[in-house]
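Chain by chain, the residues:
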Amino acid sequence: AEAGGAGRRCGRGEWWGDDIRGRLLGPVGMGQYGTGVASLACASNMTVLATDPYRTTQEIGQRGATPVSLDELLTRCDIVSMHCPRTKETIGMIDASAFKAMKQGALFINTARGGIHDEAALAEALGSGRLGGAGLDLWQVDPPAADPPLPPAETAVAPPPAPAAPPAPPAP
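Structural notes, computed from the coordinates. The model shown is predicted, which means the values in this text are computed figures rather than measured ones.

Scoring rules and cut-offs
- Residues numbered from 1 in each chain as written.
- Predicted model: local features only at pLDDT ≥ 70, side-chain atom pairs only at ≥ 80, totals over all residues.
- Heavy atoms only, no water.
- Helix = DSSP H or I, 4+ residues; strand = E, 2+ residues; numbered from the N terminus.
- Buried < 20%, exposed > 50% of the residue type's maximum accessible area, 1.4 Å probe, protein only.
- Contact = heavy atoms within 4.5 Å.
- Areas by Shrake-Rupley, 256 points an atom, 1.4 Å probe, with all protein chains shown as cover.
- Salt bridge = Lys/Arg side-chain N within 4 Å of Asp/Glu carboxyl O.
- Core = buried A, V, L, I, M, F, W, Y, C linked by side-chain atoms within 4.5 Å.
- Phe/Tyr/Trp six-rings, centres within 6.5 Å; stacked < 30°, edge-to-face > 60°.

So, the overall build of the protein
Tallying secondary structure elements over the protein gives five helices and nine strands in all. Going from the N terminus to the C terminus, the protein shows its helices and strands as β-β-β-α-β-α-β-α-β-α-β-α-β-β. Relative to its 172 residues, the protein shows a buried fraction of 36%. Counted over contacts in the protein with a minimum sequence separation of 6, partners at least 24 positions apart contribute 58%. Put simply, the protein shows about 9,800 Å² of open surface, and 56% of that area lies on carbon and sulfur atoms.

So this is what it looks like as structure tokens:
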């Protein structure tokens, strides 16, 4: 597998990581995808704290998470996972101050929309060691520039855009 789109080949053993059991997951957005991620996390014995301005605290609880503010989610969670739409309110919502508020060594995942997090601030948080890693599926401008502002693949995993991805293997 290629990591981070950087062309570096990683052996299987390089992907073994920390156990997620007992960790805190923080989905931002509890729609279909956030709820699905919360369900998988609960099945993995994780605790889920979530925030969603469009859901009541009761709805968030019914979807398998403990409702908290965004500020509390950022400071307490080991993994922050974005599942919100791109709106006027969410563009740039995860900025340098949000990354600084996150738990030391936390992981940041954005598979929602580009522009929700500040790419330069994320690169700084990763480069300084504040964050333990990031998983990104999209960029503010998609497809991204040839050299998006991210540190080496050791701290960030970002697959190539779908049109640039290799074709799927034929079905058996």
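Now that the structure has been shown, we can carry on.
Quick notes on the pattern of salt bridges
According to the stated counting rule, one finds three salt bridges in the structure shown. Two residues, Arg76 and Glu72, come together in a salt bridge whose shortest N-O distance is 2.7 Å. Of this pair, Arg76 and Glu72 are both found in helix H3 (residues 70-76), four residues apart, which corresponds to roughly one turn of the helix. With relative accessibility at 37%, the residue Arg76 sits in the partly exposed group.

Some words on the nonpolar core
Counting 25 residues, the largest nonpolar core has Val80, Met82, Phe99, Met102, Phe108, Leu122 and Leu131 as its most contacted members. Breaking this core down by element, the ones donating at least two residues are strand E3 (24-28), H3, strand E6 (79-82), helix H4 (96-101), helix H5 (119-127) and strand E8 (133-136). At four residues, the largest contribution of residues to this core is made by H5.

As for the packing of aromatic side chains
Taken as a whole and assessed by the stated rule, the structure comprises one aromatic pair. Relative to Phe108, the ring of Phe99 has its centre 5.2 Å away and its plane inclined at 85°; by these criteria the two rings are edge-to-face. For the pair Phe99 and Phe108, a shared accessibility class is recorded, and that class is buried.

Thoughts on unusual backbone geometry
Even without glycine at this site, Asn45 takes up a positive phi of about 60°. Along the chain, Asn45 falls in the loop between helix H1 (32-43) and strand E4 (47-50).

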